[in-house]
Amino acid sequence: MKRVAILLSGGGSNMVALVRSMAGDHPARPCLVLSNDPGAGGLDRARDMGIATAAVPHRPFAGDRAGFESALSRPLEAAAPDILCLAGFMRILTPAFIERWRGRILNIHPSLLPAYRGLDTHARALADGAAEAGCTVHEVTAALDDGPILGQARVSVRPGDTAATLAARVLVQEHRLYPAVLRRFAACDRRPVWLDATDHVAG
Ligand code: GRF
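The sections below set out a description of the structure shown in this document.

1. Here's the deal with the layout of surface pockets
Then comes step 1: Of the pockets and cavities examined, the largest pocket occupies roughly 870 Å³.
Then comes step 2: In this structure, the largest pocket is lined by 38 residues; those nearest its centre are Gly88, Phe89, Met90, Ile108 and Pro110.
Then comes step 3: Counting residues per element, the ones that place at least two in the lining of the largest pocket are α1 (13-21), β5 (105-109), α5 (121-127) and α6 (163-186).
Then comes step 4: Here the lining of the largest pocket takes five residues from α6, the largest share from any one element.
Then comes step 5: For the lining of the largest pocket, the residue count by class is 21 nonpolar, 13 polar and four charged.
Then comes step 6: Counting contributing residues, the lining of the largest pocket receives three or more from each of domain 1 (1-102) and domain 2 (108-184 + 192-203).

2. Focus on the pattern of salt bridges
Then comes step 1: Tallying each qualifying case throughout the model produces nine salt bridges.
Then comes step 2: The residue Arg183 makes a salt bridge to Asp25 at a minimum N-O spacing of 2.6 Å. Residue Arg183 is located in helix α6, and its partner Asp25 is located in the loop between α1 and β2 (28-35); the two are separated by 158 residues in the primary sequence.
Then comes step 3: A relative accessible area of 63% places Asp25 in the exposed class.
Then comes step 4: With its nearest N and O atoms 2.8 Å apart, the salt bridge here joins Arg100 to Glu77. One end of the pair, Arg100, is in helix α4 (residues 95-100); the other, Glu77, is in helix α3 (residues 65-79), and 23 residues separate them in sequence.
Then comes step 5: Residue class for Glu77 comes out partly exposed when judged on its relative accessible area of 35%.

3. Regarding the site of the ligand
Then comes step 1: Around the ligand, a shell composed of Gly11, Gly12, Ser13, Asn14, Gly88, Ile108, Pro110, Leu171 and Glu174 is seen.
Then comes step 2: Ile108 is positioned with one of its backbone polar atoms (N or O) 3.4 Å from a nitrogen atom of the ligand.
Then comes step 3: Here the ligand, which alone exposes 370 Å², has 77% of that area covered by the protein.
Then comes step 4: Spatially, the ligand is embedded in the largest pocket.
Then comes step 5: Residue assignment for the shell around the ligand shows that the elements contributing at least two residues are α1 and α6.
Then comes step 6: Two domains share the shell around the ligand, each providing at least three of its residues, namely domain 1 (1-102) and domain 2 (108-184 + 192-203).

Scoring rules and cut-offs
Here the residue numbering is sequential within each chain, running from 1 through the sequence in written order. The predicted nature of this model means local features are confined to residues of pLDDT at least 70 and side-chain atom pairs, given and counted, to a pLDDT of 80 or more, with totals for whole chains, interfaces and linings taken over all residues. Computation of side-chain values: all heavy atoms of the structure, hydrogens and water removed. Using protein atoms alone on a 1 Å grid, points that fit a 1.4 Å probe yet trap it form a cavity, whereas open point sets bounded by protein on both sides within 12 Å along at least five of seven lines form a pocket; residues with an atom within 4 Å of a point count as lining. Grid points are joined across faces, edges and corners, and a volume is the space filled by probe spheres set on the points. Here a helix means four or more residues in a row that DSSP labels H or I, a strand means two or more in a row labelled E, and each is numbered from the N terminus. Lys, Arg, Asp and Glu make up the charged group, whereas Ala, Val, Leu, Ile, Met, Phe, Trp, Tyr, Cys and Pro make up the nonpolar group; the residues left over, Gly among them, are polar. Domain extents, as shown, originate in an automatic or database domain assignment. Any Lys or Arg side-chain nitrogen located within 4 Å of an Asp or Glu carboxyl oxygen qualifies as a salt bridge. Per-residue accessibility, obtained with a 1.4 Å probe over protein chains only, is compared with the maximum for each type, and a residue is labelled buried under 20%, exposed over 50%, and partly exposed between these values. Nearness is judged by heavy atoms alone; a residue qualifies as near a molecule or strand once a single heavy atom is within 4 Å of it. Identification of polar contacts relies on pairs of N or O atoms within 3.5 Å, with a donor-acceptor requirement for protein atoms, meaning one able to donate a hydrogen and the other able to accept it, and with residues adjacent in sequence counted only if both atoms are side-chain atoms. Only the protein chains shown count as covering a residue, and every accessible area follows the Shrake-Rupley method with a 1.4 Å probe. Put plainly, a molecule is in a cavity or pocket when over half of its atoms are within 2 Å of the grid points there.

Following this line, the structure appears as structure tokens:
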């Protein structure tokens, strides 16, 4: 049974979807929900689901990224995870940290990578007049929002969409995609997962 640590900075809706999926004959179970923000809503939701949590504030380490990661690694190593899932974790990790977990660290990004790496993905897609949007689960490598793609879900951009309405529609797909990818990844199956939202017209 694989042990999964989930790292988050915010509300944790992706964490909830992942935790709920790890049941029955699923080859993994959550072992820790970890945040850089003690006030993250995702920590309360994890505690409500009986999952162990930890928080390491990043602010006291301003400018000392290695120091923050050293502190973050203490509860993380203690939980002895086999897989790390970044789910709305908003701190950039150093190559040294990523190397420690190489091949076992996943992230979900709210765009169809390689398009729209970085922030404000939906606003940028709308500004470009993109016809479709979506989300990507990928292995984390030293390059930001890069790494082998393990799955994508697509939605159609609709007339009148705002960044908020598009984000909400993509988030529904994130909650389908990430659990589907984690289940395969935990079973050592790296075949990518391609999902289309019911309203997405391919091509
Ligand atoms: C999601 O949109 C995800 O794609 C991005 O941050 C958001 C996290 O939302 N990385 P939540 O905290 O999982 O609700």
